[in-house]
Amino acid sequence: MNKITQKLLSLLSCQPDSQKAAYSLREDGACTGLQSTEHVRLTAKPGNAGIEILVKPGASGETLYLPACITRSEIEDTVCNDFHIKAGAEITIIAGCGIHTDSAQSSQHSGVHRFFVEKGAKVHYIERHIGIGDIGSRSLSPKTQIELGEHSEMQIDTVQIEGVDRANRDTAAKLTQGSKLILRERLLTQQNQIVLSDFQAELNGKGASADLVSRCVAQGASRQSLRLRIYGNAPCRGHLECDAILMGKAEIIAVPELIARHSEAQLIHEAAIGKIASDQILKLMTLGLTHQQAEARIIQGFLK
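Peer 1: Is there a simple way to explain the overall build of the protein chain in this structure?
Peer 2: What the protein chain contains, in helices and strands, is three helices and 19 strands. A compact globule built from 304 residues should have a C-alpha radius of gyration of about 19 Å, and the protein chain, at 20 Å, falls within 12% of that. Along the longest, intermediate and shortest principal axes, the C-alpha atoms of the protein chain span 55 × 55 × 35 Å. Considering the protein chain as a whole, with its 304 residues, one finds that 48% of them fall into the buried category. Taking the contacts inside the protein chain whose residues are at least 6 apart along the sequence as the reference set, 80% of them involve residues at least 24 apart. Of the roughly 14200 Å² of accessible surface on the protein chain, 47% is carried by carbon and sulfur atoms. Of the side-chain charges in the protein chain, 33 are positive and 34 negative, and the distance between the mean point of each set is 2 Å.

What follows is the structure, encoded as structure tokens:
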């Protein structure tokens, strides 16, 4: 493991905190570390194409680490990981991609994560994306596909707050009877960075529920396009919320969509885009902060 990988793992908070934890480390397009545990089995796919993850029935208190690091320019990495979460299992999955460029050439990571969550299982999926380097372009294309079984639960906390020049984020979930999905997305773009984020949830079973919240800050001349959709195909509950702060010459397009196809589908959405209130800045400046420090503090609190 080189020093750049170590730095990226630290920034991603994605380094196993125990020698006994399950993990897969991917560096510059190749799997360089793989470890299973008694209840979490990892199997590499042929040709560095990704891994198969099996979480055994009834597993509890397990944590899985899945960092992918690109340490130099001129790397194009594509990977597909499949997660099979068996009935009644509970697991926290900490995944992330960090990209470092060291020349004017670009690097890109395209990752597909497919989740098959069985009856009564619970998954907490933490995903972080980051880019570092003074030159070159860093691009990400994360794609997440989710199938939730009866009375299963999945919480997603996804963060992209630094150094990614281009991102195309695509997430789709299908929920069955009594299943529950919670999404918390946080995005920060600066300079000329661009993010496209598309999320859709299909509520196909009685009692299914989805709560999707996106919080975004666009600075400089960056652009964000956010589209969140919920399909209510059964007696279900769905909530969409998109809150954004716009600064400088940035642009944000937020499109919350509700599609009801059942008379007992209860769906609601909220969306707000605005600037930082001047009275908030003034209040913090009276406490001794500069204007720039006050803005940073407010953004930090907003994205939490």
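Next comes the rest of the description.
Peer 1: Would you explain the pattern of salt bridges in this entry?
Peer 2: When the charged atoms of two side chains lie near each other, side chains of opposite charge can form a pair. Scanning the entire structure with this criterion turns up twelve salt bridges. A salt bridge links D211 to R184, with the nearest nitrogen and oxygen atoms 2.8 Å apart. In this pair, D211 is assigned in strand β15 (residues 209-218) and R184 in strand β13 (residues 180-189), connecting sequence segments 27 residues apart. What makes R184 partly exposed here is its relative accessible area of 29%. Linked by salt bridges that have partners in common, K45, D82 and R114 make up one network.

Peer 1: How should I be thinking about the sheet that holds strand β18 (residues 251-260) in this particular structure?
Peer 2: Hydrogen bonds between backbone atoms are what pair the strands of a sheet, whose relative direction is either parallel or antiparallel. What the nine strands build is an open sheet, ordered β3-β4-β6-β8-β10-β12-β14-β16-β18; its pairing is mixed. With one partner strand each, in any of the chains shown, β3 (40-44) and β18 form the two edges of the open sheet. Along the sheet, successive strands turn relative to each other by an average axial angle of 10°, direction set aside. As judged from the four bridges shared by strand β4 (residues 51-55) and strand β6 (residues 76-85), these two strands associate in the parallel manner. Opposite V55, over in β6, you have I85 as the bridge partner.

Peer 1: Where do I start with the pairing of strand β1 (residues 22-27) in this structure?
Peer 2: Each regular strand shows side chains that alternate between the opposite faces of the sheet. A large share of β1 lies buried, amounting to five of its six residues. Across four bridges, β1 lies against strand β5 (residues 62-70) in parallel orientation. Bridge pairing in β5 links R26 to A68. With five bridges connecting them, β1 and strand β2 (residues 30-35) associate as antiparallel partners. The residue bridging L25 from the neighbouring strand is G33, located in β2.

Peer 1: Please clarify how the nonpolar core should be interpreted in this entry.
Peer 2: Generally speaking, nonpolar side chains in soluble globular proteins are found buried as a group. Core analysis: the largest hydrophobic core is formed by 55 residues, its most contacted members being L64, I85, I93, M154, L181 and L212. Excluding residues within four positions of it along the chain, M154 makes contact with F115, V123, Y125, I146, L148, K180, L181 and I182. If you look at the next biggest cluster of nonpolar residues, it comprises 13 residues, including M247, L284, I299 and F302.

Peer 1: How do you make sense of the packing of aromatic side chains when you look at a structure like this?
Peer 2: Within a pair of aromatic rings, the relevant descriptors are the distance that separates the centres and the angle that separates the planes. If you walk through the whole model with that rule in mind, you get two aromatic pairs. When the centroid spacing of 4.3 Å and the interplanar angle of 10° are considered together, the rings of F83 and F115 count as stacked. Residue F83 is located in strand β6, and its partner F115 is located in strand β8 (residues 107-117); the two are separated by 32 residues in the primary sequence. Measuring from centroid to centroid gives 4.9 Å for F115 and Y125, while their planes differ by 65°, and the two rings are edge-to-face. Remark: Y125 occurs in strand β9 (residues 122-132) and F115 occurs in strand β8; sequence separation between them is ten residues. The class for F115 is buried, based on a relative accessible area of 1%. Note on Y125: relative accessible area 1%, which makes it buried. Pairwise contacts between aromatic rings join F83, F115 and Y125 into one cluster.

Peer 1: Would you explain the packing of helix α2 (residues 278-285) against helix α3 (residues 291-303) in this entry?
Peer 2: Packed helix pairs are characterised by how far apart their axes lie and by the angle those axes make with each other. Closest axis-to-axis distance for the α2/α3 pair is 9 Å, and the angle between their directions is 115°. Once α2 is placed against α3, the crossing between them reads as right-handed. In this structure, α2 uses Q280, I281, L284 and M285 to contact α3, whose residues at the interface are H291, A294, E295, R297 and I298. Partitioning the contact of α2 with α3 into residue classes produces five nonpolar, two polar and two charged.

Peer 1: Whenever I open this one, the environment of A172 confuses me. Can you help?
Peer 2: Looking at the element boundaries, A172 is found in strand β12 (residues 166-175). With a relative accessible area of 26%, A172 lands in the partly exposed category. On a C-alpha basis, the gap between A172 and K122 in space is 18 Å, while along the polypeptide they are 50 residues apart. A172 has contacts with T144, Q145, I146 and Q200, leaving out every residue within four places of it along the chain.

About the thresholds
- Residues numbered from 1 in each chain as written.
- Predicted model: local features only at pLDDT ≥ 70, side-chain atom pairs only at ≥ 80, totals over all residues.
- Heavy atoms only, no water.
- Helix = DSSP H or I, 4+ residues; strand = E, 2+ residues; numbered from the N terminus.
- Rg over C-alpha atoms; globule rule 2.2 N^0.38 Å.
- Buried < 20%, exposed > 50% of the residue type's maximum accessible area, 1.4 Å probe, protein only.
- Contact = heavy atoms within 4.5 Å.
- Areas by Shrake-Rupley, 256 points an atom, 1.4 Å probe, with all protein chains shown as cover.
- Lys, Arg positive; Asp, Glu negative; His and termini not counted.
- Charge placed at Lys NZ, Arg CZ, Asp CG, Glu CD.
- Salt bridge = Lys/Arg side-chain N within 4 Å of Asp/Glu carboxyl O.
- Pairing = 2+ DSSP bridges.
- Axes fitted to C-alpha atoms, helices over the stretch in contact; angles between N-to-C directions.
- Core = buried A, V, L, I, M, F, W, Y, C linked by side-chain atoms within 4.5 Å.
- Phe/Tyr/Trp six-rings, centres within 6.5 Å; stacked < 30°, edge-to-face > 60°.
- Left-handed = near helix turned anticlockwise from the far one by under 90°.
- Nonpolar A, V, L, I, M, F, W, Y, C, P; charged D, E, K, R; others polar.

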